[in-house]
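# Observations on chain architecture
One-letter residues, chain by chain:
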Amino acid sequence: MNKIFAICDTDRLYVKNLIQYMNSKQKIPLKLQAFTSPELLKEYAARNIIELLLISADAMDEEIAGLEIGKIVVLTEDGAVGLKGFPSVNRYQASGSLVQEVMAHYESGNLAVAYAAAKMATTHLIGVYSPIKRCGKTAFSLALCAAYARSSRVLYVNLEDFSGFRSLLQREYRMDISDLLYFYREEKQGMLGKIEEVTEKLSNISYLPPAMCPADIKSVQPEEWKEWFMLLLQSQFEVIIVEPGDCVNGLEEILALCSRIYMPVRKDITSAAKLKEYEEYLQLAGWEGLAGKIVRQPMPVMEEPLDREAVEADGVTEKGVFEYMESEELRQLADRLVREEEYG
């Protein structure tokens, strides 16, 4: 008899994407059963034995808590303790990481299950953001991408008002993030395939061409960003580095999805004051949980070895863009950060 892993969430798209991810990996030694209604789940549970249930907090109730289910794990907005102390996981994270957490709660000495969960591929979403301007965010992001790209498939996502990519590289793009966002709104089911079509290469780094019009980024609502990145996290990439700008409506929602947030900083009084105000804002706005993910990262002094006028007139080569935007000290910093993360 197959052991049942039931998933219940009123968000149909979330359930569908999670099931598709789990089926594609084929590592779960349980039969998957999806529900978008608590009532349908209760009817099913009355006739079948459920080994493991992953259920959203808004679908969970006392009746479900009293069912004969082997293990119940609650999906919450921030990973807080679920109803009646049931173990919980944060719904807004990479699918692989979420499944690993759920299976770890279920494991209870089942080494085969634990091993299968550990083998599942995960995608890490890393944020690079700072309230301080001209602190080297983009150069740092690219250096970090290059360091990760030596051993992982990396995607860079720039969500600033003006990234400078078109001018710097002297090129136009057939499609960019604006097209991907439009496609997501019109036809969510095929977005993973569309990502590959839109993606461009810079050396060994994949990136989504930034939006030409800032209004396209500003028009996206916080909940849309959550769904969009949850889909992106199910792509082929192992590391996604996002550099959101202040124009994003839902900046904190994006940062909340990140496993780590690097915050480039400068060593001056004004920068320190801005950081203090930003941290106070996070507390007042109810985003104090982000503080534990933020890594303040002092930036080395940046130099521009290439001639500025020549760059503005003719652009730079793929090799040149790294020479232009990164110093050796910055490359060494990025390499060290990646090594520390990989080896703890």
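Refer to the structure above for everything that follows.
In this report, the structure presented in the accompanying data block is examined.

Calculation criteria
Residues numbered from 1 in each chain as written. Predicted model: local features only at pLDDT ≥ 70, side-chain atom pairs only at ≥ 80, totals over all residues. Heavy atoms only, no water. Pairing = 2+ DSSP bridges. Helix = DSSP H or I, 4+ residues; strand = E, 2+ residues; numbered from the N terminus. Axes fitted to C-alpha atoms, helices over the stretch in contact; angles between N-to-C directions. Buried < 20%, exposed > 50% of the residue type's maximum accessible area, 1.4 Å probe, protein only. Polar contact = N/O pair within 3.5 Å; in protein donor to acceptor, adjacent residues only side chain to side chain. Contact = heavy atoms within 4.5 Å.

### Some words on the sheet that holds strand β10 (residues 239-244)
- Here we have 7 strands laid out as an open sheet, ordered β8-β9-β7-β10-β6-β11-β12, and mixed in their pairing. Here the strands that pair on one side only, and so sit at the sheet edges, are β8 (200-202) and β12 (294-298). This sheet shows a mean twist of 30 degrees between the axes of neighbouring strands, independent of strand direction.
- The pairing of strand β7 (residues 154-159) with β10 spans 6 bridges and is parallel. If you follow Val157 over to β10, its bridge partner there is Val242.

### A short note on the pairing of strand β4 (residues 69-76)
- Within β4, 6 of the 8 residues are buried, which leaves it mostly tucked inside the rest of the structure.
- Both β4 and strand β5 (residues 88-90) contribute to a ladder of 3 bridges, which runs parallel. When the bridges of β5 are listed, Thr76 appears paired with Asn90.

### Regarding the side chain of Thr199
- Relative to the assigned elements, Thr199 resides in the loop between α9 (191-198) and β8.
- In this structure the side chain of Thr199 is engaged in a polar contact, spanning 2.6 Å, whose partner is the backbone oxygen of Ile195.
- Not counting residues up to four positions away in its chain, the partners in contact with Thr199 are Leu155, Ser206, Tyr207, Leu208 and Phe237.

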